[in-house]
Amino acid sequence: MSHPAADTEPAQPPPADDHAFFGQPRGLMTLSGLEVWERFSFLGMQAILVLYFADTVANGGMGMEAGTAASVSAAYGTLVYLVSVAGGWLADRILGSYRAVLYGGILIACGHYAMAVPTDAMTWVGLGLISAGTGLLKPNVATMVGKLYRTDDERRDAGFALYYMGINIGAFLGPLITGWLGDHASWHWGFSAAAFGMTLGLIQYVAGRRHLAGRKHAAEYALAPGPMRRAVLLIVVGAVVVAAVATALALAGWLTMDRFVDVLTLISVIAPVVYFVVMFRSPRVTHEERGRLRPYVVLFLASVVFNFILFQAYSTMMLLASTNARTEIFGFHFPASWYASALGAFEVLLAPVVAAVWARMGPRQPHASNKIAIGVILGGLSFLLMVLPTSGHSGDAYKMAAWWIVGSYLLLGLGDILLETSGMSATTKLAPKAFASQTMALWFLSLALANGIQAQIVKLYGEVSNPAYFGVNGAVAVAAGVAVIAAAPWLKRTMHPVH
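Residues numbered from 1 in each chain as written. Predicted model: local features only at pLDDT ≥ 70, side-chain atom pairs only at ≥ 80, totals over all residues. Heavy atoms only, no water.

Caption draft 1: Layout of helix H11 (residues 339–361). Helix length check: H11, at 23 residues, gives a terminal C-alpha distance of 33 Å against a target of 33 Å (1.5 Å per residue), a fit within 8%. By the largest-angle criterion, Leu350 marks the main kink of H11, which is about 30 degrees, and a proline, Pro352, follows within four residues. Gly362 occupies a position one or two residues after H11 and carries a positive phi of about 55 degrees. (Helix = DSSP H or I, 4+ residues; strand = E, 2+ residues; numbered from the N terminus. Expected span 1.5 Å × (residues − 1). Bend = angle between axes of the 7 residues up to and from the residue.)

Structure (structure tokens):
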């Protein structure tokens, strides 16, 4: 697509008097609309993925053991967010944010269409395409939201809260549609609905592109033509070589599913360490910017702890709901995957409340580090709550009331709003200028590490008692949140201009 005027548009945000979308810039509507459909497709698929893995082959599933299904699902999440590092670099150096998001959305849609084909091979092809597409889209669309505001604009956190509400409208609707289709038709019909949703998201993104601040086709820190050609060639050749080696190892019997999961976990640990080292040592990062990266490490670790809990809403909690929770409320029966919609529903309802509270408080609102800490604590409490209904049973045949899981998701949803909106907003403020999209990718790399750790820990699900599993994990998260609160004085001093 060619839009010559894009290269001459200023990189500055729109005027401060742009309040067309609930008091926010018009571009927020375009980006929030994209996220509605991207999350509809991604989380709609994620809500049924672990159930599809664990279902019997006779029922159209893949026949995995519950622990293996949860581990593979988490490994897929690890891969999705690991690729976001490459997505941030491609946006900064080659594609530009607008095209990175567009191409990422196209890959995601193709991946969901592939998963609609009822064969195991197309399932893995689809997951690979979705991983690549999400890596391009997620870090860069959030960066584009940050570009809608000036650094000192007090609407910024409220804007991210509204953006996150858009995400959770999709998170609410996706599992309702895909879950019903998976339960009443087939799992692959559910994946088809995800494909349709992503297609709608792409259409509205292109239609609203004129409202995006600083939209350019050229990357902001583009490589010179020669290095760019070499980089593209290296990426293509590298991808082909990795695919060929992985296929050969798999055919030889060395690259088993368990080993693949372990490799992804190892990469998820090494990657953020290497990336922080590169950013701290880069000559393009100023002394002042380097000072702001130090407190960002704390926020990164807090995100890891919280999202380790959050992502289990789509793995261990789904498995628990499918085996030990009632699937009826007031006489109405529903698929177990609909529990995932409760999380999205709470975030849809609570996000505007949180946004309104922050906007009303203005400069008196809590510091971003305290918002994040409270979010981590709420995540821990959501797991500690599950100790009560899973305790005191002699076997595994019990059925808990639906309200226990709904209550857990209420705590988790509020914690997610507090942590993710403040974390993403702080990231766009703390990011070194030369690593803008890549620093946002680093925030998503914390999600990769959370999934990587989850891919190992969920193997204990079913091996230890449910009260012990949920109790220990929840207690660790609460302790981590308290530690961030204890570090608040130092964080406030070093996180300027974050308030």
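Caption draft 2: Quick peek at the pattern of salt bridges. Enumeration over the complete set of coordinates arrives at four salt bridges. Residue Lys138 pairs with Glu35 through a salt bridge whose shortest N-O separation is 3.0 Å. A residue pair is termed long-range when its members are at least 10 positions apart, and Lys138 in helix H4 (residues 120–146) and Glu35 in helix H1 (residues 26–54) qualify at 103 residues. Glu35 carries the same exposure label as Lys138, and that label is buried. Here Glu288 and Arg292 are joined by a salt bridge, their closest N and O atoms 3.2 Å apart. Of the two residues, Glu288 and Arg292 both sit in helix H9 (residues 287–310), four residues apart, roughly one turn of that helix. (Salt bridge = Lys/Arg side-chain N within 4 Å of Asp/Glu carboxyl O. Buried < 20%, exposed > 50% of the residue type's maximum accessible area, 1.4 Å probe, protein only.)

Caption draft 3: The arrangement of the packing of H9 against helix H12 (residues 368–385) in detail. Two elements in contact, H9 and H12, have axes whose closest approach is 9 Å; the angle formed by their N-to-C orientations is 25 degrees. The orientation of H9 relative to H12 falls into the category roughly parallel. The handedness of the crossing between H9 and H12 is left-handed. For the pair formed by H9 and H12, the contact residues are Leu299, Ala302, Val305, Phe306 and Ile309 on the first element and Ile372, Gly375, Val376, Gly379, Ser382 and Phe383 on the second. Per-class residue counts for the contact of H9 with H12 are eight nonpolar, three polar and no charged. (Axes fitted to C-alpha atoms, helices over the stretch in contact; angles between N-to-C directions. Parallel < 35°, antiparallel > 145°, perpendicular 65-115°, else oblique. Left-handed = near helix turned anticlockwise from the far one by under 90°. Contact = heavy atoms within 4.5 Å. Nonpolar A, V, L, I, M, F, W, Y, C, P; charged D, E, K, R; others polar.)

Caption draft 4: Molecular detail of the layout of surface pockets. Of the voids in this model, the largest pocket is the one considered here, and its volume is about 1,800 Å³. Every residue lining the largest pocket is counted, 41 residues in all, and those nearest its centre are Leu79, Val83, Gly128, Ala239 and Val242. Every element with two or more residues in the lining of the largest pocket is listed here: helix H2 (66–95), H4, helix H7 (225–251) and helix H8 (257–281). In terms of residue class, the lining of the largest pocket is built from 35 nonpolar, six polar and no charged. (1 Å grid on protein atoms, 1.4 Å probe; cavity = no way out; pocket = protein on both sides within 12 Å on 5 of 7 lines; lining within 4 Å. Points joined across faces, edges and corners; volume = space filled by probe spheres on them.)

Caption draft 5: A look at the environment of His367. Along the chain, His367 falls in the loop between H11 and H12. Through-space distance from the C-alpha of His367 to that of Val57 is 51 Å; in sequence the pair is 310 residues apart.

Caption draft 6: Spotlight on the side chain of Glu35. With relative accessibility at 0%, the residue Glu35 sits in the buried group. In this structure the side chain of Glu35 is engaged in a polar contact, spanning 3.0 Å, whose partner is the side chain of Lys138. With residues up to four places along the chain from it excluded, the contact list for Glu35 reads Phe40, Leu137, Lys138, Val141, Tyr163, Gly166 and Ile167. (Polar contact = N/O pair within 3.5 Å; in protein donor to acceptor, adjacent residues only side chain to side chain.)

Caption draft 7: Fine view of the nonpolar core. With 129 residues, the main nonpolar core has Met45, Phe53, Tyr163, Tyr205, Tyr339, Ile405 and Tyr409 as its most contacted residues. The greatest single-element share of this core, amounting to 13 residues, is contributed by H1. Leaving out residues up to four positions away in the same chain, Ile405 has contacts with Met317, Ala321, Ala325, Tyr339, Met386 and Met400. If you look at the next biggest cluster of nonpolar residues, it comprises seven residues, including Leu90, Ala91, Leu136 and Ala231. (Core = buried A, V, L, I, M, F, W, Y, C linked by side-chain atoms within 4.5 Å.)

Caption draft 8: A look at the packing of helix H3 (residues 97–115) against helix H6 (residues 187–207). Where H3 meets H6, the axes come as close as 7 Å, and the angle between the chain directions of the two elements is 160 degrees. Between H3 and H6, the angle falls in the class roughly antiparallel. Between H3 and H6 the crossing geometry is left-handed. On H6, the residues touching Ser97, Tyr98, Val101, Leu102, Gly105, Ile106, Ile108, Ala109, His112, Tyr113 and Met115 of H3 are His188, Phe191, Ala194, Ala195, Phe196, Met198, Thr199, Leu202, Tyr205 and Val206. Across the contact of H3 with H6, the residue classes break down as 16 nonpolar, five polar and no charged.

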